[in-house]
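Here is how the chains run, residue by residue.
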Amino acid sequence: MAETLSMQAAINTALDEILTADDRALVFGEDVGTLGGVFRVTDGLAAKHGSDRVFDTPLAESAIIGMSIGLAIHGFRPIPEIQFDGFAYPAMNQLITQLARMTYRSRGALPMPVTLRLPSFGGIRAPEHHGESLEAIFAHVPGLKVAVPSNPSDAYSLLKQCVADPDPVIFMEPKSRYWHKAEFGQPAEAAARIEAELPIGVSRVVRPGRHVTLVAWGAMVARCIQVAELAAEDGVDVEVLDLRWLKPLDVAGISASVGHTRRAVVVHEAPLSAGLGAEISALITENCFDSLRAPVQRVAGFDVAYPAGPLEDHYIPSVDRILAAVQRTLEYRRG
Amino acid sequence: MKTDDDTARRLYRLMVTTRALDAEATVMQRQGIIPGYAPLKGQEAAQIGSGAALDLARDFAFPTYREMGVAVAMGVDLIGYFASHHGSWHGGLYDPLASRFAPINAVVAGSVLHAMGWAKGEKLSHGTGVSLAYFGDGASSQGDVHEAMNFAGVDDLPVIFFCQNNGWAISLPTERQVAGGSVAARAAGYGLAAEVIDGNDVVEVFEATNRALQRARSGGGATVIEAMTYRVGPHSTSDDPGRYRSIGEEQSWALLDPIDRLAQQLRAAGADDAFFESARTDARETVETVRTGLVDMTDRPLTELFDFVFTNPTPRLLEQRDAYLSNAYLSNEYASEATHG
């Protein structure tokens, strides 16, 4: 009988094991040491591994990323945290013009094995600047990879893959899912299973179905599973595809799923316009045009900044909005 | 002078070589051999005095786009260095790890944080190496410089913040750029040591850099060095300084030329015509080698458009590369690269 674990605890376990296995790995950021992080994701790591391996930095995100680059040039494997998604904006210059380009600029002489842990997305009634969906911005930048876990087991195994990868990865942790517990195999087993079955850039069908594919990541995966369960009551068999990686994107996985369901709805929290829904929709058109029974639908945040309080419930794709999009794909008739 | 005669002569030779290469680079730009260049004429002492003080076995320099003299002082492959100005590869074609000289960085102040991070790594490794961040009076306005100084102060990191205050950030003079009197004055706010030095006196620069290196190696933390100098030439080969400063100002700095000043001192200390002639001959040989290397430099292979984005590339990037390289409208040479490479 497998134990259950929260995503927060799963990430903590992964970091603990990474620090133990690789003495070049470093965990740092604002309040990650003594406090254990504002979400307690790094709880106990400084005490166990020492303040040379897990340390607090002053409050300056650009410097956290710039420091990571210098540490990587020195041969370290930095795992910085930026405390909240919105706090990545002050670091964008270092992320885009430096971290993402140093390997290219140096012709491969200076690999950048930096994994940026970034608590991300909305759904926790946070103040302004504490709930943002930056994935399309990161995925657009040459030289960056982007991973988003939706559950504790994936958070554990994806983080280990990100840290082992020689390239910079933005690891976006869906903060609304930190405290949801889920089945979690013994870590060693989980890691072996994931590495054997799901290499970097591979998505997972988390619920098989025949009539329509919901493409999602992060906290939207659980919401899409809810949608699938409700649709099933009406006899609609919904497949849910958890992308897990937004760069590299699993083109083959998306095509395979939509190729057999012949309908697709892409769901994300980020604003609709120029979001990843557009990219994924275009890929589906390029690869599944002859199979499609209906135009690809997108359910996304509106083209507004993340709003406060209860308005957030209207901004983030709801079960009803996703169900309505599913309905549109089923009712579509060629004109 | 405390610096011995042999060292002073070495610094002189490096400055003469740098001056000759700098002049030749502008000539090569006018001749169409390189598309652009950022001249450093007037700043030879600041660059040679600091770069020559570094210990290549343990220190690491983080340049901007105007540190050719530092590259000369550190023995960086100069054809590889000029490959950046040649338009072959932005970061240059030299080996940054072997050279202890980071890739050329066009983002103003961007590399200052990397020097701080490298110094953090050196401290965590219990080494005695020091990183040296080059930046200018213009870059001193960027937040990254302040974040780097603060982090270095909090952690007592072995880094030197070396500001070449050359008077002008393109068209903006220092007094419109730097509040509070000087860049070095800011060090006090971060608890760092600081020196304002005559950046046109190579021996003073060399000795100040050595003091800062010694301080950092012995656990004394970071130093801000502000080397007061002057960019005699334009910001770049596309710039026209006549639009923002006077000939009179430029002429007044010509009297403080760093190479002339050291030449007078060396002559007073006994250097003869043969020494100066050999310095010129060496410089001419280096210039000829670099010029020939750049004239003969071929375009990078087309695969390199794609090759270094990632260490472990994404499938879509590989698809883009293979599809483009195998296209019929490319020459057979590239198509065969795609097939066999």
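Parameters at a glance
- Residue indices follow the written sequence of each chain, beginning from 1 at its first position.
- To label them, take the chains in the order written and letter them from A, then take the ligands in the order written and number them from 1.
- Only residues with pLDDT of at least 70 get local features here, since the model is predicted, and only at 80 or more are side-chain atom pairs given and counted; chain-wide, interface and lining totals rely on the full set of residues.
- Only heavy atoms go into the side-chain values, all of them from the structure, while hydrogens and water stay out.
- Only DSSP runs of H or I reaching four residues or more are called helices, and only runs of E reaching two or more are called strands; each is numbered from the N terminus.
- Computation of the radius of gyration draws on C-alpha atoms, with the globule rule given as 2.2 Å multiplied by the number of residues to the power 0.38.
- The buried label applies to any residue whose accessible area, calculated with a 1.4 Å probe on protein chains only, is under 20% of its type's maximum; exposed applies above 50%, and partly exposed to all values in between.
- Accessible areas in this description were obtained via Shrake-Rupley with a 1.4 Å probe; residue shielding takes into account the shown protein chains only.
- Here, strands pair whenever DSSP counts at least two bridges between them.
- Note on definitions: angles span 0 to 180 degrees between N-to-C directions of axes, and those axes are lines fitted to C-alpha atoms, for helices only across the stretch in contact.
- Between two residues, a contact is recorded if the distance between any of their heavy atoms is within 4.5 Å.
- Under the convention used throughout, the expected extent of a helix is 1.5 Å for every residue step, that is, one less than its residue count.
- Starting at the helix axis, one direction is taken to each C-beta atom, and the arc is that of these directions.
- Each salt bridge in this description consists of a side-chain nitrogen of Lys or Arg and a carboxyl oxygen of Asp or Glu lying within 4 Å of one another.

Trainee: Help me understand the overall build of chain B, please; the structure alone is not making it clear to me.
Mentor: Counting its regular elements, chain B contains 16 helices and seven strands. Taken against the 2.2 N^0.38 rule, which gives 20 Å for 341 residues, the C-alpha radius of gyration of chain B at 21 Å falls within 12% of a compact globule. On the principal axes, the C-alpha backbone points of chain B span a range of 65 × 50 × 40 Å. Out of the 341 residues in chain B, the part that is buried amounts to 57%. When the accessible surface of chain B is totalled, it reaches about 13,900 Å², and 50% of it is carbon and sulfur.

Trainee: I'm lost on the sheet that holds strand E9 (residues 204-207) of chain A in this one. Help?
Mentor: Sheet strands pair by backbone hydrogen bonding; their relative direction is either parallel or antiparallel. Residue and element names in this part refer to chain A. The strand order across the open sheet formed by five strands is E9-E11-E10-E13-E14, and the pairing between neighbours is mixed. In this open sheet, the two edge strands, each paired with only one partner strand, are E9 and strand E14 (297-301). The mean angle between the axes of side-by-side strands here comes to 25°, regardless of whether they run parallel or antiparallel. Inspection of the sheet shows strand E10 (residues 212-216) paired to strand E11 (residues 238-242) by five bridges, in the parallel sense. Each residue of the ladder has a partner; that of Val212, found in E11, is Val238. Lying over the sheet, helix H10 (residues 251-261) contacts E10, E11 and strand E13 (264-271), oriented at roughly 175° with respect to E11. Contacts from helix H11 (residues 276-288) reach E10, E13 and E14 within the one sheet, and its direction differs from that of E13 by about 160°.

Trainee: In this structure, what is going on with helix H13 (residues 319-331) of chain A? I would like to understand it.
Mentor: Helical geometry note: an α-helix holds 3.6 residues per turn, so side chains three or four residues apart project in the same direction. Residues and elements named next belong to chain A. Its 13 residues place the ends of H13 18 Å apart at the C-alpha level, agreeing with the 18 Å of an ideal helix rising 1.5 Å per residue. Every buried residue of H13 is accounted for by Val319, Ile322, Ala325, Val326 and Thr329. Taken end-on, H13 shows its buried residues confined to a sector of 130°, consistent with a single buried face. Turned more than 90 degrees away from the buried face of H13, the exposed residues are Asp320 and Glu331.

Trainee: Please explain helix H6 (residues 112-124) of chain B as it appears in this structure.
Mentor: All names here are of chain B. The terminal C-alpha atoms of H6 lie 19 Å apart, and with 13 residues this matches the ideal 18 Å at 1.5 Å per residue to within 8%. Counting buried residues along H6, 12 of its 13 residues qualify, which places the element largely inside the surrounding structure. Listing the buried residues of H6 in full gives Val112, Leu113, His114, Ala115, Met116, Gly117, Trp118, Ala119, Lys120, Gly121, Glu122 and Leu124. Looking one or two residues beyond H6, the residue adopting positive phi is His126, at roughly 60°.

Trainee: Which parts of the structure should I look at to understand the sheet that holds strand E3 (residues 159-165) of chain B?
Mentor: Residues and elements named next belong to chain B. The strand order E1-E2-E3-E7-E6 describes an open sheet built from five strands, whose pairing is parallel. Either end of the sheet is taken by a strand with one partner, and the two such strands are strand E1 (60-62) and strand E6 (193-198). In this sheet, neighbouring strand axes are inclined to one another by 20° on average, regardless of whether the strands run parallel or antiparallel. Note that E1 and strand E2 (residues 131-136) share three bridges and pair parallel. Counted as the bridge partner of Ala61 is Leu132 from E2.

Trainee: What is the right way to read the side chain of Ser133(A) from this model?
Mentor: All names here are of chain A. Secondary-structure assignment places Ser133 in the loop between strand E5 (115-120) and helix H6 (135-139). You can call Ser133 buried: its relative accessible area is 11%. Those residues in contact with Ser133 that sit more than four places away from it in its chain are Phe121, Glu269, Ala270 and Tyr306.

Trainee: Sorry, what's going on with the pattern of salt bridges here?
Mentor: When charged atoms on two side chains of opposite charge get close, those side chains can pair. Counted according to the given criterion, the structure contains 34 salt bridges over all chains. One salt bridge in this structure joins Arg207(A) and Asp237(A), with 3.7 Å as the shortest N-O distance. Of this pair, Arg207(A) sits in strand E9 while Asp237(A) sits in the loop between helix H9 (219-233) and E11, and the two are 30 residues apart along the sequence. Asp237(A) carries the same exposure label as Arg207(A), and that label is buried. As a salt-bridge pair, Arg231(B) and Asp239(B) come within 3.7 Å of each other at their nearest N and O atoms. Residue class for Asp239(B) comes out buried when judged on its relative accessible area of 19%.

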